[in-house]
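Listed below, chain by chain, are the residues.
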Protein chains: 2
Amino acid sequence: MAKQYSEKHQIPYYECDTTQFLKIPTLVKMLIKISGAQSEILGVSDEYMASLGLGWIILQHDIEIKRLPKAGEQITLTTEAESYNKFFCYRHFWIHDEKGEECAFMSTTFAVMDMKERKMGSVDEEIIAPFESEKIKRIKRGEKIYPIETSMGEKEYTVRYYDIDLNKHVNNAVYLDWVIDSLDAKFLMSHTPKKIAIKFNKEVLYGDKVFSQFELDEEAKVSKHGIVSKGELSAEANIYWHSKD
Amino acid sequence: MAKQYSEKHQIPYYECDTTQFLKIPTLVKMLIKISGAQSEILGVSDEYMASLGLGWIILQHDIEIKRLPKAGEQITLTTEAESYNKFFCYRHFWIHDEKGEECAFMSTTFAVMDMKERKMGSVDEEIIAPFESEKIKRIKRGEKIYPIETSMGEKEYTVRYYDIDLNKHVNNAVYLDWVIDSLDAKFLMSHTPKKIAIKFNKEVLYGDKVFSQFELDEEAKVSKHGIVSKGELSAEANIYWHSKD
């Protein structure tokens, strides 16, 4: 069993949308934050990785949301580096409320990047051993993401200074900002996501223009998304929605 | 002496920019959050205000920054409703680091809004008494804000779903996002603000287009900013900078 790590967090209003529910990009940011905290505690911090010329990159998030927490709630964030193979590391994350009920679960696929060569490296024992992850042979596939067939609209964004993280590229959670914002406020105020899958194909840099395209099936309550930059698909996402009560 | 209220906060990486310093809009959000927390504790929460048909609106922030805190730091946020007169309430905010050294100070001018009439109301005893603020006769002026003389550039933004707060208009901190982002990343990575004054003139709503204009004097290290929406000046700001070491 992989080592687990938890942190408590009280949700301030500014991490919530106009209806007082936790913003989706922030949900992802706070989970990724605790994986960094666990790595640091186990002696394999991002700084240590960087000293080896390595860094973690995120390939896909699969998120299941039972109930989005609200402003003021005290939640517990938990993570474990569940398993790994030669090229990938699979992390699990949970959000629980004060009663111990599960609010959300996220499964994330990480890879190791050789920062100098800018190509994927292998997951060496040295960096993974402290997590006590299960070593597996097979490649686990994330949720299948269906591409947009006919775009129903797009919004244009320019990457902002504050979108760029320590790695000098757009932080993975920012893509969800663009994805969610492509939909209309009227729809967003009356619906809440129950499942989100997002796959990252290509990094986006400061000043780049991006187009957030969407296709929404209001009947089936599914939206498909594409983030296009410099003519290439930088990220793809599917979101399964339900109506708010 | 007005009642003081404090909260501790550990800064996650995602509240910081690419150089690991606290984002300016988040600095403002976390301070405004604790004024809400104090109001709630003293029995005059936003919900109570709303039940009287009233709400607080922010007219100006004057921020002095001695040292911007960094990711991972544990800071203490403190506030007091320092004084008030018939129409305005003046709040003070501080950020201190773990050693008790002052990192930042903010003075904010609030007014009471009659939410039905959409016009300014008066600061009644009923809503201000619990704070034990000093009642004063004079109108205190915030820092003078010098207008742009010749715009050196502008960036265009469209108000996003996540920019809108509980009051269904753009949250005051979002204007600082637009203000800061109008400047180039190269300048922002090598400079840090020591003084910021921002004045809010007109609310901006979901879907509105805004233009963030700036004039930068690199010699004097002063930038002047205007946020223009529907042909009107929605906010104005001045920032005094110094070079990072």
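Note that residues are indexed from 1 along each chain, following the sequence as it is written. Ligands are numbered from 1 and chains lettered from A, in the order in which they are written. With pLDDT at 70 or above as the cut-off, local features in this predicted model cover only qualifying residues; side-chain atom pairs require 80 or more to be listed or tallied, and sums for whole chains, interfaces and linings still use all residues. As a rule here, side-chain values cover all heavy atoms of the structure and leave hydrogens and water aside.

(A) The arrangement of the nonpolar core in detail. With 67 residues, the main nonpolar core has A:Ile24, A:Leu27, A:Val28, A:Ile95, A:Val170, A:Tyr175 and A:Trp178 as its most contacted residues. Setting aside anything within four residues of it in sequence, one finds A:Tyr175 in contact with A:Val170, A:Ile198, A:Phe200, A:Lys202, A:Glu203, A:Val204, A:Ile227, A:Ser234 and A:Ala235. Counting residues in hydrophobic clusters, the runner-up holds 66 residues, among them B:Trp56, B:Leu77, B:Ala104 and B:Ile180. Nonpolar cores are built from buried Ala, Val, Leu, Ile, Met, Phe, Trp, Tyr and Cys residues. Side-chain atoms within 4.5 Å join them into one set. Burial classes: relative accessible area under 20% of the type maximum marks a residue as buried, over 50% as exposed, and values in between as partly exposed (1.4 Å probe, protein chains only). Any two residues whose heavy atoms approach within 4.5 Å at even a single point are treated as in contact.

(B) The arrangement of the layout of surface pockets in detail. Residue and element names in this part refer to chain A. Think of a 1 Å grid over just the protein atoms. A cavity is a set of points where a 1.4 Å probe fits yet cannot get out, a pocket is an open set with protein on both sides within 12 Å along at least five of seven lines, and lining residues have an atom within 4 Å of a point. Grid points are joined across faces, edges and corners, and a volume is the space filled by probe spheres set on the points. Roughly 1,400 Å³ of internal volume is contained in the second largest pocket. Of all the elements, helix H1 (residues 24-41) adds the most residues to the lining of the second largest pocket, at eight residues. Polar here means any residue other than Ala, Val, Leu, Ile, Met, Phe, Trp, Tyr, Cys and Pro, which are nonpolar, and Asp, Glu, Lys and Arg, which are charged; Gly is therefore polar. Broken down by class, the residue content of the lining of the second largest pocket amounts to 25 nonpolar, 14 polar and ten charged. Helix and strand labels come from DSSP, where a helix needs a run of H or I of at least four residues and a strand needs a run of E of at least two; each type is numbered from the N terminus.

(C) Geometry of the interface of chain B and chain A. With 37 residues of chain B in contact, the opposing surface of chain A contributes 37 residues. Buried area: the accessible surface (1.4 Å probe) lost by two parts on joining, summed over both. In this assembly, chain B packs against chain A so that about 3,500 Å² is buried in total across both faces, 55% of it on carbon and sulfur atoms. It is B:Arg160, B:Tyr161 and B:Tyr162 in chain B that bury the most area against chain A; as a group they hold 27% of the surface buried on that side. A carboxyl oxygen of Asp or Glu within 4 Å of a side-chain nitrogen of Lys or Arg is what we treat as a salt bridge. Where chain B packs against chain A, one counts zero salt bridges. We call two N or O atoms a polar contact when they sit within 3.5 Å, provided that within protein one can donate a hydrogen and the other can accept it, with sequence-adjacent residues counted only if both atoms are side-chain atoms. Viewed at the interface, chain A and chain B are joined by 14 residue pairs in polar contact (both at pLDDT 80 or more). Those elements giving two or more residues to the side of chain B that touches chain A turn out to be helix H1 (24-41), strand E8 (153-158), helix H4 (172-181) and helix H5 (185-190) of chain B. Split into classes, the residues belonging to the side of chain B that touches chain A amount to 19 nonpolar, six polar and twelve charged.

(D) Region of the structure containing the relation of the copies chain B and chain A. When chain B is fitted onto chain A, the two copies agree to an RMSD of 0.0 Å after a turn of 180° and an axial shift of 0.0 Å. What we have between these two chains is a two-fold relation. When each C-alpha of chain B is compared by its distance to the rotation axis, B:Tyr157 comes out closest, at 4.1 Å. Here 100% of the contact residues of chain B are again contact residues in chain A; the copies associate through an equivalent surface. The copies were overlaid with a least-squares fit restricted to C-alpha atoms from residues scoring a pLDDT of at least 70 in each copy.

(E) Geometry of the pattern of salt bridges. Counted by the stated rule, this structure contains 27 salt bridges over all chains. A salt bridge links A:Lys195 to A:Glu143; its shortest N-O distance comes to 3.4 Å. You can see A:Lys195 sitting in strand E9 (residues 191-200) and its partner A:Glu143 sitting in the loop between strand E7 (134-135) and strand E8 (153-158), a full 52 residues away along the chain. Judged by its relative accessible area of 30%, A:Lys195 falls in the partly exposed class. The exposure class assigned to A:Glu143 is partly exposed, which follows from its relative accessible area of 38%. The residue B:Arg67 makes a salt bridge to B:Glu73 at a minimum N-O spacing of 2.9 Å. Note on B:Arg67: relative accessible area 34%, which makes it partly exposed. We classify B:Glu73 as buried; its relative accessible area is 18%. Residues joined by salt bridges that share partners form a network here, namely A:Arg67, A:Glu73 and A:Asp97.

(F) Unusual backbone geometry, seen in detail. Residues and elements named next belong to chain A. For Lys168, which is not glycine, the phi torsion reads 65° and is therefore positive. By secondary structure assignment, the location of Lys168 is in the loop between E8 and helix H4 (172-181). Owing to a relative accessible area of 45%, Lys168 belongs among the partly exposed residues under this scheme.

(G) The arrangement of the packing of H1(B) against H4(B) in detail. All names here are of chain B. Close contact between H1 and H4 brings their axes to 8 Å; oriented N to C, the two are set at 170°. Considering the angle they form, H1 stands roughly antiparallel to H4. The two elements H1 and H4 cross, and the hand of that crossing is right-handed. Packed against H1, whose contacting residues are Ile24, Pro25, Val28, Lys29 and Ile32, the element H4 presents Asn172, Ala173, Leu176, Asp177 and Ile180 at the interface. In terms of residue class, the contact of H1 with H4 is made up of seven nonpolar, one polar and two charged. Here an angle of 0 to 180 degrees is reported between the N-to-C directions of two axes, which are lines fitted to C-alpha atoms, with helices fitted over the stretch in contact. Should an angle fall under 35 degrees it is taken as roughly parallel, and over 145 as roughly antiparallel, whereas 65 to 115 is taken as roughly perpendicular and any remaining angle as oblique. Each crossing is labelled by how the near helix is turned from the far one, with a counterclockwise turn of less than a right angle marking it left-handed and a clockwise turn marking it right-handed.

(H) Region of the structure containing the side chain of A:His9. On the secondary structure map, A:His9 appears in strand E1 (residues 4-10). On the basis of relative accessibility, which here comes to 17%, the residue A:His9 falls in the buried class. In this structure the side chain of A:His9 is engaged in a polar contact, spanning 2.8 Å, whose partner is the side chain of A:Glu15. Here A:His9 is in contact with A:Glu15, A:Met30, A:Glu73, A:Gln74, A:Ile75, A:Leu77 and B:Tyr14, once residues within four sequence places are set aside.

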